[in-house]
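Observations on the three-dimensional arrangement
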Amino acid sequence: MAAAEDPDEALDLTDLDPELVDIFVEEGGDILDHADGLLAKLREAPEDREPLVGLQRDLHTLKGGARMAGIMAVGELGHAMETLLEAVAEHRCELGRDGVPLLERGFDRLHAMIGRVAARRAVATPTGLIEEFDARARGETLVVAQSAAASRNSAPASEPAVDLKPLSAPIDTTQSDEDDIAVRAPQEQVRIRADLLDRLVNYAGEVAIYRARLEQQLGAFRAAMGEMEQTNARLRDQLRRLDIETEAQIIARYQREHEASDQTFDPLELDRFSTLQQLSRGLGESAADLASLQQSMEDLTRQYETLLLQQSRVSSELQEGLMRTRMVPFDALVPRLRRVIRQAASETGKQVQLKLEGAQGELDRNVLERMTAPLEHMLRNAVAHGLETPQQRRKAGKPEEGTVRISMRREGSEVVLEVADDGAGLNRQAIRKRAEERGLVRADAILADADLDTLILESGFSTADAVSHLAGRGVGMDVVHSEVRQLGGALDIASRPKQGVTFTMRLPQTLAVTQAVFVRIGETSFAVPIASVRGVGRIEREQLGAADASYRYGGEDYVLHDLGSLLGHAPAKAEGQMQVPLLLIRSGDLRAAVSIDQVLGNREIVVKPVGPQVASVPGIFGATIMGDGSVVVILDIAPLVRRHVAAPREPVAMPAAPERGVPLVMVVDDSVTMRKVTGRVLERHNFEVITAKDGLDALERMTERVPDLMLLDIEMPRMDGYELATTMKLDPRLRNVPIAMITSRTGEKHRQRAFDIGVERYLGKPYQEQELMRNVFDLLGLTRDHA
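Residues numbered from 1 in each chain as written. Predicted model: local features only at pLDDT ≥ 70, side-chain atom pairs only at ≥ 80, totals over all residues. Heavy atoms only, no water.

Glancing now at the overall build of the protein. Summing up its helical and strand segments, the protein has 24 helices and 22 strands in all. Within the protein, counting contacts between residues at least 6 apart in sequence, those at least 24 apart form 69% of the total. For the protein, the accessible surface area stands at approximately 41,700 Å², while carbon and sulfur atoms represent 52% of it. (Helix = DSSP H or I, 4+ residues; strand = E, 2+ residues; numbered from the N terminus. Contact = heavy atoms within 4.5 Å. Areas by Shrake-Rupley, 256 points an atom, 1.4 Å probe, with all protein chains shown as cover.)

Here it is, written out as structure tokens:
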């Protein structure tokens, strides 16, 4: 029989963490509110299984939270109620007609108990009510005891109602409202729902995406303004020459016709020539108007750039402010972790102490929440698997009390969490044996210690012989690794025999934005978090095919891999480049130099979730939206490399020669219209197109990519078509690019000069689309079914 609760007896906080108690009270209230709705559904439809399962889940959560907070009375009652629901769900007993009222009594009692905890009043274990639930779970009835238990375990009449004052204020029923206000005034705070805050952060990220799109469009507008300026300059030059030519023709015609009858008029003043002159002068005025409009547009563009810069600054400050509101101290999790250690030590009979370093640091709330369960599992793992028993430690010359250490530090934009123990280290022999049994490695495979250690990250991998609630269920470090990877982080393992294991987790400071390197493989672009990128290198093509080839960087050897092969695509070609670019990946002991087609640069990105289906694909944990609206997948390359290295490989046939990619055609013309029209014609026939406005611009663009074909104009500023063609034919890297000249200079002299340089085709303007495409297909050696 439970002792009656003294309404004035204070809650003993000697062994409790007040902050953890407050968290439990807040969570418990929400859980019980949700359970009330499920109870109503169960009363309306007792045969419905869904509310039964929901209540079971709520009680399980409440029980776990109560025990973690040290409120064992609530945990015991919750456990008894959960046991009954489990028995009903497994058809070991029936809920019965009076089952729902019994559950309601139980939940009412839980409400009263949590209310007392919130008021810092002591709670007693309701033994009689717990006996009723236990008896019902066994299929027994306590008819007489039920009524007694009902009166015995109902809340005493003298028990005070739940005090709704803030927990930060002292609980004192003689305290006045003015005193209560005085207590709260110095620390005014606003509580906000976590999902609302997440939405606000997401909106800030969307604003950043739209700003990037605006900046991209403004850049394109700036480029168009530059084109317009050059076009206006050409127009003015052409009008100047037209004026000179017009006046020369007038004078020449006058002299030719000997019209000397009227000497009072200059030849240029005769009425017969005034119309041509007026048109010429009118064109000049129109050109001046265009220049004036251009200047006005440039002024507006500068104002637009200034406003966009100001908006960018405010947007960044807004985003940073919202991010700061999501930061919570790691200390908030420490009491919970201490209890996990104490419970695991008690259940295994081991002596363990928890040491903390840097726990005052802050983490994104979402990161901390998502890492709570993995951290708890790692601590249980350290106690159950890592640390030895006191007798074993004594024999090994170690203190009987083992140590588990958690350290937290910030490195750049990352938060580094380390979980270490001073136990026996990983049993690599057992890991190898289990891996061979599961077919993860061949029996004759030679693996480094680091490769063996990473096998514990495989799904369902466990070396435990016996299953307990602490270990051996096959849902262990693979879940931890998956969570870390989905957060955009990395997990490293360092094990030393008889000295212990250290797990190092590198996590993003925030989930909303991060820095990433953009790379291209084939026709697809990917983003790689900069946290895993050590650098960028280049290597000769001949070195890629060598067995066990590596790349030396920073005094370390990086094993060569191909991103296309890792992703199941065609290998990297880096067409048009003398050397193949490499992305240098470092993760723990892993050093990989991954060949790609091109490095596109780095930038800050807004990380977007991709859903469970896509996120389950190895190597993918998110996506981002680019300035032009396109979606780019975010890759985690390290697990792809590890999977490629550790997986057993069957003999495979030599791959067939890769199909030729989409041909790249460069259009070089100083006319914006010609570039756009020709580009659209080529794109309609499924060609990739890049453009250049003159010879120098073309040479700059060809430093990164060499086109398969060039369509070239002759008359251009800075470097004309003849000069560009001559330069290309003298360059070993460019000399094999076929050139088709398209120009209004159709004279035989110009044509012959082009052929003397080495130009393959010479077409006149305006061209016919059919004729142009016939020459393009012919020069590329393609059939017309390419389209």
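And the narrative resumes.
Sheet architecture is open: 5 strands sit in the order 19-18-20-21-22, paired in parallel fashion. Each of the sheet's edge strands pairs with one partner strand only, and the pair in question is strand 19 (688-692) and strand 22 (761-764). In this sheet, adjacent strand axes meet at a mean angle of 20° when their direction is disregarded. Across 5 bridges, strand 18 (residues 664-668) lies against strand 19 in parallel orientation. Its bridge partner lying in strand 19, leucine 664 is registered against glutamate 688. Its contacts with the sheet place helix 20 (residues 672-684) against strand 18, strand 19 and strand 20 (709-712), and it is angled at close to 165° to strand 19. Of the strands in this sheet, strand 21 (739-743) and strand 22 are in contact with helix 23 (residues 748-757), which crosses strand 22 at around 155°. (Pairing = 2+ DSSP bridges. Axes fitted to C-alpha atoms, helices over the stretch in contact; angles between N-to-C directions.)

This part covers the sheet that holds strand 12 (residues 556-562). Across the sheet, 5 strands lie side by side as 10-13-14-12-11; this open sheet has mixed pairing. Unpaired on one side and paired on the other, strand 10 (533-540) and strand 11 (550-553) mark the two borders of the sheet. Strand-to-strand twist in this sheet, taken as the mean axis angle between neighbours without regard to direction, amounts to 35°. By the bridge criterion, 4 bridges tie strand 11 to strand 12 in an arrangement that is antiparallel. Pairing of serine 550 across the sheet is with valine 559, part of strand 12.

Looking at the secondary structure, you find arginine 428 in helix 13 (residues 428-437). On the basis of relative accessibility, which here comes to 16%, the residue arginine 428 falls in the buried class. Ignoring anything within four residues of it in the chain, the contact list for arginine 428 reads Asp449, Leu452, Asp453, Ser495 and Pro497. (Buried < 20%, exposed > 50% of the residue type's maximum accessible area, 1.4 Å probe, protein only.)

For helix 24 (residues 769-780), spanning 12 residues, the distance from its first C-alpha to its last is 16 Å, which sits close to the expected 16 Å at 1.5 Å a residue. When we look at burial in helix 24, the residues that qualify are Leu772, Met773, Asn775, Val776, Phe777, Leu779 and Leu780. Structurally, helix 24 contributes buried residues whose contacts are with helix 20, strand 20, strand 21 and strand 22. Note on helix 24: the residue one or two positions beyond its end, glycine 781, has a positive phi of about 70°. (Expected span 1.5 Å × (residues − 1).)

Our focus in this paragraph is the nonpolar core. If you look at the biggest cluster of nonpolar residues, it comprises 91 residues, and the most contacted ones within it are Phe107, Leu110, Phe133, Phe330 and Met505. Element by element, the count of residues in this core is highest for helix 1 (residues 18-44), at 10 residues. With residues up to four places along the chain from it excluded, the contact list for methionine 505 reads Met371, Leu375, Met378, Val415, Val416, Leu417, Val419, Val484, Ala490 and Leu491. Counting residues in hydrophobic clusters, the runner-up holds 23 residues, among them Ala692, Met710, Leu712 and Met741. (Core = buried A, V, L, I, M, F, W, Y, C linked by side-chain atoms within 4.5 Å.)

Glancing now at the confidence of the model for the protein. Looking at the protein, the pLDDT average stands at 78 and 83% of residues meet or exceed 70. The low-confidence segment residues 143-173, where pLDDT is below 50, has 44 contacts with residues more than four positions distant or belonging to other chains. A low-confidence stretch, residues 175-182 stays under pLDDT 50, and its non-local contacts, those more than four residues away or across chains, total 5 contacts. (pLDDT = per-residue confidence, 0-100.)

Let us look at the packing of aromatic side chains. Scanning all chains against the criterion turns up 3 aromatic pairs. A centroid spacing of 6.1 Å and a plane angle of 80° characterise the contact between tyrosine 553 and tyrosine 558, whose relative ring orientation is edge-to-face. For tyrosine 553, a relative accessible area of 28% corresponds to the partly exposed category. (Phe/Tyr/Trp six-rings, centres within 6.5 Å; stacked < 30°, edge-to-face > 60°.)

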